[in-house]
Amino acid sequence: MTTCSNHVHVGYIMSKRVTDELGNMEMDVISVSSSRRSSENSTYVHKVGKPPKKTLLKEIGCIVKETFFSDDPLRNFKDQPRSRKFVLGLQAVFPILEWGRHYSLSKFKGDFIAGLTIASLCIPQDIGYAKLAYLPPQYGLYSSFIPPLIYAFMGSSRDIAIGPVAVVSLLLGTLLHNEIDPSKNPVDYRRLAFTATFFAGVTQATIGFFRLGFLIDFLSHAAIVGFMAGAAVTVSLQQLKGLLGIKIFTKKTDIVSVMRSVFYAAHHGWNWQTILIGLSFLAFILVAKYIGKKKKKLFWVPAIAPMISIVLSTFFMYITRADKHGVQIVKHIRSGINPPSVDEIFFSGEYLAKGLRIGVLAGMMALTEAVAIGRTFASMKDYQLDGNKEMVALGTMNIVGSMTSCYVATGGFSRSAVNYMAGCHTTVSNIVMSGVVLLTLELITPLFKYTPNAILASIVISAVISLIDIEAMTLIWKIDKFDFVACMGAFFGVVFSSVEIGLLIAVLISFVKILFQVTRPRTSVLGKLPRTTVYRNIRIYPDAAKVPGILIVRVDSAIYFSNSNYIKERILRRLMDEEEKLKENSQPRIQYLVVEMSPVTDIDTSGIHAMEELLRSLEKRDVKLVLANPAPVVVDKLHASKFHEMIGEDKIFLTVEDAVKTCAPKMDLEP
């Protein structure tokens, strides 16, 4: 034992001296003596197994299942009798039939309070949002009556509160106004709105039915944050007309046109009584929101603040008759429930295509907002939300809504947050809210006659301010600068151009990012961490040591036609750079190039062709190509293309450590 320990001690001192003299960490990894010892005492090197061959139909079936049915939605139907399958089918379409069996009085109390609370918030908001869409006020209320009822039976989110929202109302109003002037042709404008709503619902239901929900993920979170913030600024600017009492106002939405219109009207168009009323109640609502934010138990304060503002301002206007002094009021709101509008939808003619285009855009925007909100609250309450089922529910309610005088409705963040904080348990809170809206339409709408437009502007501004998420923008800047560019691109596109241009920029930048990441994947040189068999990026782990004579490169992406040449060139460039460094330091040349393929999830024919070209280029340099840890799909395609015969079965390993242990002894014995 003493002799052995002396040998070990002497070997350690010699190794340390060599390291100190050369200043090269590579000698810590492997030396001639250690490589020979490892070859004598090496552990078993596992071979890379070839996956079982699948038939074409089975392979297609696997792809379809992973793409469209990854959550296995039919698992509950397995091994069930036909009658039970029928019941499960009904429950899948109408979730209320499932949770309704366990509904209790205690849950109803929570839902009833939540429904009343969000109704007090949504009624004034709906009137204001209808103006954003250039529609009469009652259409905002219509859209909070029928759609929530449909969603209550078909939706799976327990927390979403359905109705018009500011961003979709602005988008819809802008797109519709580009086609028809509502002041000159209000009938066709209204019909086009119903047509767009119908196709928005068809789009949403189609995406959900065919399980294409992944399409909305192409709009990145950063782009959505920027778009929402830009839309909030644009909506607020549009409210300056009502807040300042301006009668002649621009129809454009960009900030330059709006501010020009505001300052042009400053000499003769501003009304000081309107400004006083609007700013006073805006301050009141914002203070109420601040109180609710600081003290969660007082969530009801900001929820009822808009309704209190409506009641007080309307009473004040009635007793003072300030409308005779230039203060603009709502005037007439038609009472009664939604009239049918099936015969008003354009199913033919020149407006059919326009309605389809506007409906698809508005539907996708509404879908993105609703699913994002639903997933947020589902994660907070720890329950699963089926995104595709949500899309079918949202689409169905908008299809039905278009036939009952509603425009595009979706899940709004402000009312959904209030619904959540008010203690809702199920979608019954939407039914309660819908009932309150029904009573409002039947009994209370005449009382809104003297409501000042400035109050509606204040309510809308207070609602959309929360969409400007400075904290999220700051976090995006810290995490990913390219994401921040997407965020700001969408923001400035909305603010300085229009909502549709901002949305287009958001989508384009999201696609550019995807293309950039696919076509320009990262490659990194790996080294071995001391006293482990783990290999990591030498830039991130400076103490990771390179293996003498072996270059280990990791490819961090699937290899497709779009990036195969780039990956090949990057690997060769890594090799050339390493050889130049070794030549300058008079160190042994590279004899083996190990490509670590664990991140390579797939490879196509162009990728195989690029690997063949890489192999030929390395052979000319007298460097052997070695593959480590290829995925089963990659291994299958390597065998199908006969590439494994070109490179040799003995050059494909399960791990990088196996490749190094096998190649290092061979390298040491070569002259």
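Residues numbered from 1 in each chain as written. Predicted model: local features only at pLDDT ≥ 70, side-chain atom pairs only at ≥ 80, totals over all residues. Heavy atoms only, no water.

Our next topic: the overall build of the chain. For the chain, the helix and strand inventory stands at 29 helices and 8 strands. Taking 26 Å as the expected radius of gyration for a compact globule of 671 residues, we find that the chain reaches 33 Å, considerably beyond that expectation. Within the chain, buried positions represent 51% of all 671 residues. Residue pairs in contact within the chain that sit at least 24 positions apart in sequence constitute 81% of those at least 6 positions apart. When the accessible surface of the chain is totalled, it reaches about 33,000 Å², and 63% of it is carbon and sulfur. Taking the 73 positively charged and 56 negatively charged side chains of the chain as two groups, their mean positions are separated by 7 Å. (Helix = DSSP H or I, 4+ residues; strand = E, 2+ residues; numbered from the N terminus. Rg over C-alpha atoms; globule rule 2.2 N^0.38 Å. Buried < 20%, exposed > 50% of the residue type's maximum accessible area, 1.4 Å probe, protein only. Contact = heavy atoms within 4.5 Å. Areas by Shrake-Rupley, 256 points an atom, 1.4 Å probe, with all protein chains shown as cover. Lys, Arg positive; Asp, Glu negative; His and termini not counted. Charge placed at Lys NZ, Arg CZ, Asp CG, Glu CD.)

With that settled, the discussion passes to the pattern of salt bridges. The full count for this structure, using the stated rule, is 17 salt bridges. Lysine 651 is paired through a salt bridge with aspartate 650; the nearest N and O atoms lie 3.4 Å apart. Taking relative accessible area as the criterion, lysine 651 reaches 13% and is therefore assigned buried. The class for aspartate 650 is partly exposed, based on a relative accessible area of 42%. (Salt bridge = Lys/Arg side-chain N within 4 Å of Asp/Glu carboxyl O.)

A few words now on helix 24 (residues 499-519). Over its 21 residues, helix 24 extends 30 Å from the first C-alpha to the last, a length consistent with the 30 Å expected when each residue adds 1.5 Å. Within the span of helix 24, buried status applies to Val499, Gly502, Leu503, Ala506, Ile509, Ser510 and Lys513. For helix 24, the arc enclosing every buried residue in end-on projection is 130 degrees, short of the 170-degree limit, so these residues lie on one face. More than 90 degrees from the buried face of helix 24, the exposed residues found are Leu515 and Phe516. Residues of helix 24 that are buried in the fold lie against helix 10 (166-179), helix 12 (221-238), helix 17 (350-381) and helix 23 (481-496). (Expected span 1.5 Å × (residues − 1). Arc of directions from axis to C-beta.)

Okay, the nonpolar core next. Judged by nonpolar contacts, the single largest core of 82 residues is most densely connected at Leu172, Phe227 and Met365. Non-local contacts of methionine 365, meaning those with residues more than four positions away in its chain, are made with Val167, Val168, Leu171, Phe227, Met228 and Leu503. By size, the runner-up hydrophobic cluster in this structure holds 32 residues, among which are Leu572, Val600, Ile608 and Val623. (Core = buried A, V, L, I, M, F, W, Y, C linked by side-chain atoms within 4.5 Å.)

Let's shift gears to the environment of arginine 554. Mapped onto the elements, arginine 554 comes out in strand 5 (residues 550-555). Under the relative-accessibility criterion, arginine 554 is labelled buried at 17%. Through-space distance from the C-alpha of arginine 554 to that of lysine 449 is 70 Å; in sequence the pair is 105 residues apart. The contact partners of arginine 554, leaving out residues within four places of it in the chain, are Arg522, Thr523, Ser524, Leu526, Asn537, Glu596 and Pro599.

The next subject is the sheet that holds strand 3 (residues 523-528). Ordered in space as 4-3-5-6-7-8, the 6 strands form an open sheet in which the pairing is mixed. Each end of this open sheet is capped by a strand with a single partner; those strands are strand 4 (535-537) and strand 8 (652-653). Running at roughly 140 degrees to strand 7 (residues 624-628), helix 26 (residues 605-620) makes contact with strand 6 (592-596) and strand 7 of the sheet. (Pairing = 2+ DSSP bridges. Axes fitted to C-alpha atoms, helices over the stretch in contact; angles between N-to-C directions.)

Summarising the element assignment, asparagine 398 is placed in helix 18 (residues 387-402). The class of asparagine 398 is buried, set by a relative accessible area of 1%. In sequence terms asparagine 398 and valine 202 are 196 residues apart; their C-alpha atoms lie 8.1 Å from each other. The contacts of asparagine 398, once residues within four sequence positions are left out, are Thr197, Gly201, Gln204, Tyr407, Val408 and Ala409.

Moving on, we come to the confidence of the model for the chain. Per-residue pLDDT for the chain has a mean of 87; in total, 92% of the residues score no lower than 70. Note on residues 1-42: pLDDT under 50 across the span, and 27 contacts to partners over four residues away in sequence or across chains. (pLDDT = per-residue confidence, 0-100.)

Let's shift gears to the packing of helix 10 against helix 12. When two helices pack together, their arrangement is given by the angle between the helix axes and the distance between those axes. Two elements in contact, helix 10 and helix 12, have axes whose closest approach is 10 Å; the angle formed by their N-to-C orientations is 70 degrees. Taken together, the axes of helix 10 and helix 12 lie roughly perpendicular to each other. Across the interface between the two elements, Ala166, Val167 and Leu170 from helix 10 touch Phe227, Met228, Ala231, Thr234, Val235 and Gln238 from helix 12. Classifying every residue of the contact of helix 10 with helix 12 by side-chain character gives 7 nonpolar, 2 polar and no charged. (Parallel < 35°, antiparallel > 145°, perpendicular 65-115°, else oblique. Nonpolar A, V, L, I, M, F, W, Y, C, P; charged D, E, K, R; others polar.)

On the surface, Phe86, Val87, Leu90, Val93, Phe94, Leu97 and Phe153 cluster together into a nonpolar patch covering about 590 Å² of accessible area. Here the nonpolar patch gets 4 residues from one element, more than from any other, and that element is helix 5 (residues 82-93). With respect to the secondary-structure elements, phenylalanine 94 resides in the loop between helix 5 and helix 6 (96-99). We classify phenylalanine 94 as partly exposed; its relative accessible area is 31%. (Patch = residues over 30% accessible without salt bridge, like charges linked within 9 Å, V, L, I, M, F, W, Y side chains within 5 Å.)

What you tend to see is this: most non-glycine residues have negative phi, and most peptide bonds are trans. Although it is not a glycine, arginine 211 sits at a positive phi angle of roughly 55 degrees. A positive phi is found at serine 405, a non-glycine position, where the angle reads about 65 degrees. Its place among the elements puts serine 405 in the loop between helix 18 and strand 2 (410-411). Since its relative accessible area comes to 2%, serine 405 is described here as buried.

Let us look at the state of the cysteines. Under the definition given, this model contains 0 disulfides. Cysteine 424 takes part in no disulfide bond, and the closest cysteine sulfur to it belongs to cysteine 122, at a distance of 14 Å. (Disulfide = S-S within 2.5 Å.)

Take the packing of aromatic side chains next. Inspection of the entire model under this criterion finds 15 aromatic pairs. Consider the rings of phenylalanine 346 and tyrosine 351, whose centres lie 5.1 Å apart with planes at 45 degrees: the pair is tilted. Each member of the pair, phenylalanine 346 together with tyrosine 351, is buried. Judged by centre distance (5.0 Å) and plane angle (75 degrees), the rings of tryptophan 477 and phenylalanine 484 are edge-to-face. For tryptophan 477, a relative accessible area of 44% translates into the label partly exposed. Using a relative accessible area of 21% as the deciding quantity, one classes phenylalanine 484 as partly exposed. Joined through ring pairs, the aromatic side chains of Tyr139, Tyr142 and Phe194 make up one cluster. For the cation-ring pair, lysine 481 lies above tryptophan 477, with the distance from its terminal atom to the ring centre recorded as 4.7 Å. Sitting over the ring of tyrosine 592, lysine 624 keeps its end group 5.7 Å from the ring centre. (Phe/Tyr/Trp six-rings, centres within 6.5 Å; stacked < 30°, edge-to-face > 60°. Lys NZ or Arg CZ within 6 Å of the ring centre and 35° of its normal.)

This next bit is on the pairing of strand 7. For strand 7, the tally of buried residues reaches 4 of 5 residues, placing the bulk of the element in the interior. As judged from the 5 bridges shared by strand 6 and strand 7, these two strands associate in the parallel manner. Considered in strand 7, the bridge of valine 595 is made with leucine 627. Remark: the strand 6/helix 26/strand 7 crossover connection has right-handed handedness. As paired elements, strand 7 and strand 8 share 2 bridges and run parallel to each other. Of the residues in strand 8, the one forming a bridge with leucine 627 is isoleucine 652. (Right-handed = clockwise from strand over helix to strand, strands pointing away.)

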